[in-house]
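Each chain, letter by letter, is given below.
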Amino acid sequence: MAISAATIYYRMNSSAPGERPGFDVIGLALSVYLELQVSFASPSPRLPLNCSITYEGQGAGEVDLVADRNLITRTALYVLRCHGQHAFPCGTHVHIINPIPLGRGLGLSGAAVVAGVMLGSEVGKLGLAKPRILDFCLMIERHPDNVAAALYGGFVGTYLNELDPEDMARKEIPLSEVLPAPAGGEDTGLSPPEPPLGIGHYIKFQWAPEIKAVAIIPDFEVSTAKAREVLPESYSRKDVTFNMQRLALLTTALGQSPPDPNLIYQAMQDKMHQPYRTRLIPGLTEILQSVTPSSHRGLLGICLSGAGPTILALATENFEKIATSIVKRFGQEGITCEWKLLEPAEDGATVAKT
């Protein structure tokens, strides 16, 4: 059995006036996949929680391979325990194939949570439908744009309902993003409550087929916690209005064919997140100001991917030159990069049984 979940490279963040920032509302799933290969062997009495894990790809050696500490299998255990199953089926083996770099703003935690919920549903024979999978995901990863894009694929808009504070505080729930997170071992949370129904909602937007995504991935990490620490507690009405006006246009502009470079470039401008993260990402200001539709043929817009440091450039042509110019600018700061040309992944998370 194989489970795949698309990763998310682009988010547009929006906040209400006076609220803490970081309420993510739109996301895009692109063609890089986290894959789980699941098999069942002879039971071993020494196997904790009946599950062994192997791993290949980005972050090998950094990722915990113990079932009650790995985010994917901890998530699956949470789902199983909500349904009265306290461990994996005997002899479960999970092989993780991960091409997504860690800590680069590429949505890996969201993809891991989606994969974990689907893993729990499959090995527990629960048959959870995608709307219910989304509920479980949102109890763990509180960014609906992130998990909805990985789960459903494509270009999505989302919102998250307010949860009861008691539900938010449950120690059995393995929160995905800001450490320290509870380990949720065998003696913790054996019967956690199921999530409420309909925690989050989503809608799919149109995406013009000409638009591709150039992801420039610097060779350093920016944690979600650090990216949030630099943001202010509140914003001016002027800056909030600036972002909201552009967000109202962006979701339609990216679905129009042929795309309008000037409209999209202006609609991707941001005054609520990127200006504050320049201290974490050397060269960011110059990159955002110098790479424009007038300077680079085919460019539509440019922004940080999630918390960064990855830069996402949307374009219709001239991909290598756009990427090379950004890589060169990072190089002036002594930072090496790789870049990838990606397309939307419309299928989202899938399960293939062999």
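Definitions and cut-offs
- Residues numbered from 1 in each chain as written.
- Predicted model: local features only at pLDDT ≥ 70, side-chain atom pairs only at ≥ 80, totals over all residues.
- Heavy atoms only, no water.
- Helix = DSSP H or I, 4+ residues; strand = E, 2+ residues; numbered from the N terminus.
- Buried < 20%, exposed > 50% of the residue type's maximum accessible area, 1.4 Å probe, protein only.
- Contact = heavy atoms within 4.5 Å.
- pLDDT = per-residue confidence, 0-100.
- Pairing = 2+ DSSP bridges.
- Axes fitted to C-alpha atoms, helices over the stretch in contact; angles between N-to-C directions.
- Polar contact = N/O pair within 3.5 Å; in protein donor to acceptor, adjacent residues only side chain to side chain.
- Phe/Tyr/Trp six-rings, centres within 6.5 Å; stacked < 30°, edge-to-face > 60°.

- Per an unreviewed UniProt entry, the protein carries the name Homoserine kinase and comes from Lasallia pustulata.

Here's the deal with the environment of I322
- As for its position among the elements, I322 is in helix α11 (residues 319–331).
- For I322, a relative accessible area of 0% corresponds to the buried category.
- A C-alpha to C-alpha distance of 7.8 Å links I322 and V291, two positions 31 residues apart in sequence.
- Not counting the four nearest positions on each side in its chain, I322 is found in contact with H296, R297, G298, L299, A313, A315 and E317.

Some points on the confidence of the model for the protein
- For the protein, per-residue confidence averages 85 on the pLDDT scale, and 86% of positions sit at 70 or higher.
- Between the elements of the protein, mean pLDDT differs from a low of 42, seen in strand β1 (residues 2–13), to a high of 97, seen in α11.
- For residues 7–23, every residue scores under 50 in pLDDT, and the model assigns this stretch 82 contacts once sequence neighbours within four places are set aside.
- A low-confidence stretch, residues 177–188 stays under pLDDT 50, and its non-local contacts, those more than four residues away or across chains, total 19 contacts.

Observations regarding the side chain of S121
- The residue S121 is located in helix α2 (residues 108–123) in this model.
- In contact with S121, other than residues within four places in its own chain, are V79, L126, G127 and L128.

Some points on unusual backbone geometry
- The linkage connecting S257 with the following residue, P258, adopts the cis geometry, with an omega of 0 degrees.
- Following the sequence through the fold, P258 ends up in the loop between α7 (237–253) and α8 (261–267).
- The linkage connecting G308 with the following residue, P309, adopts the cis geometry, with an omega of 10 degrees.
- The residue K125 is not glycine, and still its phi comes out positive at about 55 degrees.
- Mapped onto the elements of the fold, K125 is located in the loop between α2 and α3 (130–140).
- Accessibility expressed as a relative area gives 75% for K125, which makes it exposed.
- Although it is not a glycine, N318 sits at a positive phi angle of roughly 60 degrees.

Focus: the environment of A307
- Within the fold, A307 resides in the loop between β8 (299–304) and β9 (311–315).
- Assessed through its relative accessible area of 11%, A307 is described here as buried.
- The spatial distance from the C-alpha of A307 to the C-alpha of T224 is 6.1 Å, given a sequence separation of 83 residues.

A word on the sheet that holds strand β7 (residues 212–218)
- Read from one edge to the other, the open sheet built from four strands follows the order β8-β9-β7-β10, with strand pairing classed as antiparallel. Among the strands making up the open sheet, the edge pair consists of β8 and β10 (337–342). Averaged over neighbouring strand pairs, the angle between their axes works out to 20 degrees when direction is ignored.
- Bridge count for β7 against β10 is six bridges, and the pairing is antiparallel. Each bridged residue has a counterpart across the sheet, and for I216 the counterpart in β10 is W339.

Side note on the side chain of R132
- Position of R132 among the secondary structure elements: in helix α3.
- A distance of 2.7 Å separates the side chain of R132 from the backbone oxygen of P195, its partner in a polar contact.
- Once residues lying within four places of it in the same chain are set aside, the contact partners of R132 are E194, P195, P196 and L197.

Details of the packing of aromatic side chains
- Evaluated as defined, the whole model comprises five aromatic pairs.
- Relative to F136, the ring of Y78 has its centre 6.0 Å away and its plane inclined at 65 degrees; by these criteria the two rings are edge-to-face. Of this pair, Y78 sits in helix α1 (residues 71–82) while F136 sits in helix α3, and the two are 58 residues apart along the sequence.
- Judged by relative accessible area, Y78 falls into the buried class, the value being 3%.

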